[in-house]
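# A structural walkthrough
Here's the letter readout for the chains.
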Amino acid sequence: MFKILLTNPRKKLSWVRAHAGNIGNERAHQLTKETTQHGLPYSLTKLPKPHRKGFFLKRMFEEWQTLWKNDDTGRKIYNIMPSVSLRHTNWIREDVIFFFQHGHFPAYLKRFHLSDSDYCSFENRTALHYATECILTLSWHMRKPVPNFAQEWLKRVANNVVSRQKIRRIVKFISENRDPFRPPKPSTFQ
């Protein structure tokens, strides 16, 4: 192991607590257990290491893709990125906030009881609303999608550099200026 680490400076070795709920560690334990109980197919054990590595990598990606496709969570992102990949997306914090619709959006804050109101001057308070019709973010508006194509619109925005810059400015504006998104205080005069 020491030789491998010396010859591959990009590889890191770290200790992970066993049975602590770490998904990757639990999966590695499960695969190791399966291998020791059932053994590898004979033909696979005789193959050179690069072929075995490729076999396991392919199997891992297939399993990951199946889990991603059939899971209940993350459907908003699944609709934008339906395929798993190790390729970096270049998403920054504001992109994640917008496409996951988490963060300082009034509807999100109300949903998690972090605010008493989902106030905005319009009825629809989704991330799409702030990107296309909210008067408070008028400077960064984009063309509103036809209702049946909202998901395709999000996919195109996610893959367009100029659109993503607008999204980042909207999210930054909302997080820095929370007061305009709060409901007006009731008047003390009657």
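Parameters and conventions
- Residues numbered from 1 in each chain as written.
- Predicted model: local features only at pLDDT ≥ 70, side-chain atom pairs only at ≥ 80, totals over all residues.
- Heavy atoms only, no water.
- Buried < 20%, exposed > 50% of the residue type's maximum accessible area, 1.4 Å probe, protein only.
- Helix = DSSP H or I, 4+ residues; strand = E, 2+ residues; numbered from the N terminus.
- Contact = heavy atoms within 4.5 Å.
- Axes fitted to C-alpha atoms, helices over the stretch in contact; angles between N-to-C directions.
- Parallel < 35°, antiparallel > 145°, perpendicular 65-115°, else oblique.
- Nonpolar A, V, L, I, M, F, W, Y, C, P; charged D, E, K, R; others polar.
- Core = buried A, V, L, I, M, F, W, Y, C linked by side-chain atoms within 4.5 Å.

Looking at an unreviewed UniProt entry, the protein chain carries the name RNase H type-1 domain-containing protein, with the source organism given as Araneus ventricosus.

### Notes on helix 6 (residues 93–100)
Since the α-helix turns once every 3.6 residues, residues separated by three or four places project in the same direction. By the burial criterion, the buried members of helix 6 are Glu-94, Asp-95, Ile-97, Phe-98 and Phe-99. Packing partners of the buried residues in helix 6 comprise helix 5 (75–80), helix 8 (127–132), helix 9 (150–158) and helix 10 (161–176).

### As for the packing of helix 6 against helix 10
What describes two packed helices is the angle between their axes and the distance between those same axes. Viewed as axis vectors pointing N to C, helix 6 and helix 10 meet at an angle of 85°, and their least axial separation amounts to 9 Å. On the basis of their axis angle, the class for helix 6 and helix 10 is roughly perpendicular. Judged by residue contacts, Glu-94, Asp-95, Ile-97, Phe-98 and Phe-99 of helix 6 engage Arg-164, Ile-167, Arg-168, Val-171 and Lys-172 from helix 10. Among the residues making up the contact of helix 6 with helix 10, the classes are represented as five nonpolar, no polar and five charged.

### With respect to the nonpolar core
Counting 21 residues, the largest nonpolar core has Phe-98, Phe-99, Ala-131, Trp-153 and Ile-167 as the members making the most contacts within it. Contributing elements (two or more residues each) for this core: helix 5, helix 6, helix 8, helix 9 and helix 10. Beyond its immediate chain neighbours, meaning those up to four positions away, Trp-153 contacts Phe-98, Leu-128, Ala-131, Thr-132, Met-142, Arg-143 and Pro-145.

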